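One letter stands for each residue in the lines below.
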Amino acid sequence: MTQTIAYLGPPGTFSEEAALAYTAGRDARLLPLASIPAVVTAIETEAATAGVLPIENLLEGSVSYTLDLLIHETNLQIAGEIVVPIRQYLLARPGLQLSDIKVLYAHPQSLAQCRRFVERCLPGVATVASLSNSAAPAEALADERPAAAIGTLRAAELVGAAILARDIADSPHNVTRFVVLAREDAPPTGDDKTSFCFGFTREDRPGSLVGALQELAAENINMTKLESRPTRAILGQYIFLVDINGHRRDPHVARALERIRQHTGMLKIFGSYPRWKGANGNHQPLRQGEER
């Protein structure tokens, strides 16, 4: 049966790259949608089988919109993760040279990530903000002036743009982590992660947070991520988000989660899912443009 995988569109974005990586080898079609909430709603209403959303970037940190939806607005589960390298390209109409460029289209975040290249190789060039990494190349090609854009390899393929420069981002190691949301999480594989959040419903006491986290140490569970988000109810109160190694069905993980629930009074498990493996079988991301 063909699956429908929703993602934050349009085509040519890093979100599409993550969706393509997730669906490699699957009988699936992609459904680009206009917003993160739209992806969630599509899954909840069964317009889509699953959805791919960004949750964390190496340089920018967590995607708060995705986290807040998981905490407050949906019971969908995380069923997988994908890590995508953020490789940026300078794209233009075929026949243009770097020295010809007078206008640069770019998503503001991408422009910030490529600041060094732009300042050194395109000094004085006017910049125009675009809504996405796929919209920028299309707008550059439609401009009658000699224009270029910062975009993805996939976007270049879609609009027929030429590549003037490759890997122009300031950081060569930048990646974005995406999660796959579905109505159920994934079964144990032996190499899994579990994501959850907890908060304190009782009056704050010294050592509350330490006491909850010590339950992980007591079961020899490795915590790979800890951060906080406002509760949206009382100023100064926070919900803590945690990623750990292991599946929620593993006996030692189940014991620790139950004791954390008793400590805190509020625990929401977002799901357990296989850790992302790159093309070489290690925990490394695929490079854009590599065969899958």
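Right, let's walk through the structure included here. (Residues numbered from 1 in each chain as written. Predicted model: local features only at pLDDT ≥ 70, side-chain atom pairs only at ≥ 80, totals over all residues. Heavy atoms only, no water.)

1. Thoughts on the sheet that holds strand E14 (residues 238–245)
Right, so step 1: A sheet is described by the order of its strands in space; here 4 strands give the open sequence E13-E14-E12-E15, paired in antiparallel fashion. Across the chains shown, the open sheet's two edge strands, defined by having one partner strand only, are strand E13 (223–230) and strand E15 (265–274). Averaged over all adjacent pairs, the angle separating strand axes in this sheet is 15°, with direction ignored.
Right, so step 2: Inspection of the sheet shows strand E12 (residues 192–200) paired to E15 by 9 bridges, in the antiparallel sense. When the sheet's bridge partners are listed, Phe196 is paired in E15 with Ile269.
Right, so step 3: Each of E12, E13 and E14 touches helix H8 (residues 208–218); the most contacted strand, E12, lies at about 155° to it.
Right, so step 4: Packed onto the sheet, helix H9 (residues 251–264) meets E12, E14 and E15 and runs at close to 155° relative to E15. (Pairing = 2+ DSSP bridges. Helix = DSSP H or I, 4+ residues; strand = E, 2+ residues; numbered from the N terminus. Axes fitted to C-alpha atoms, helices over the stretch in contact; angles between N-to-C directions. Contact = heavy atoms within 4.5 Å.)

2. Here we look at the sheet that holds strand E9 (residues 147–151)
Paired through backbone hydrogen bonds, the strands of a sheet run either parallel or antiparallel to each other.
Right, so step 1: Taking strand neighbours across the sheet as the criterion, the 5 strands line up as E8-E7-E9-E6-E10 in an open arrangement whose pairing is mixed. Every other strand in the sheet has two partners, leaving strand E8 (126–129) and strand E10 (162–165) as the edge strands with one partner each. Recorded for the sheet is a direction-independent mean angle of 35° between the axes of neighbouring strands.
Right, so step 2: On the sheet, helix H6 (residues 135–142) packs against strand E6 (89–92), strand E7 (103–106) and E9 and is oriented at approximately 170° with respect to E9.

3. Observations concerning the side chain of Thr264
Right, so step 1: Looking at where Thr264 falls in the secondary structure, it is placed in helix H9.
Right, so step 2: With a relative accessible area of 0%, Thr264 lands in the buried category. (Buried < 20%, exposed > 50% of the residue type's maximum accessible area, 1.4 Å probe, protein only.)

4. What about the side chain of His247?
Right, so step 1: When you line up the elements, His247 lands in the loop between E14 and H9.
Right, so step 2: Overall, His247 belongs to the buried group, its relative accessible area being 0%.
Right, so step 3: The residues touching His247, leaving out its near neighbours within four places in the chain, are Ala186, Pro187, Pro188, Asp192, Thr194, Val253 and Ser272.

5. With respect to unusual backbone geometry
Right, so step 1: The peptide bond linking Gly9 to Pro10 adopts the cis configuration, its omega dihedral lying at 5°.
Right, so step 2: Note that Pro10 resides in the loop between strand E1 (3–8) and helix H1 (14–23).
Right, so step 3: Its identity as a non-glycine residue notwithstanding, Glu46 has a phi of 65°, on the positive side.
Right, so step 4: Of note, Glu46 is situated in the loop between helix H2 (36–44) and strand E3 (50–57).
Right, so step 5: A positive phi angle is found at Asn220, which is not glycine, with a value near 60°.
Right, so step 6: Relative to the helices and strands, Asn220 is located in the loop between H8 and E13.
Right, so step 7: Classification of Asn220 as exposed rests on a relative accessible area of 71%.

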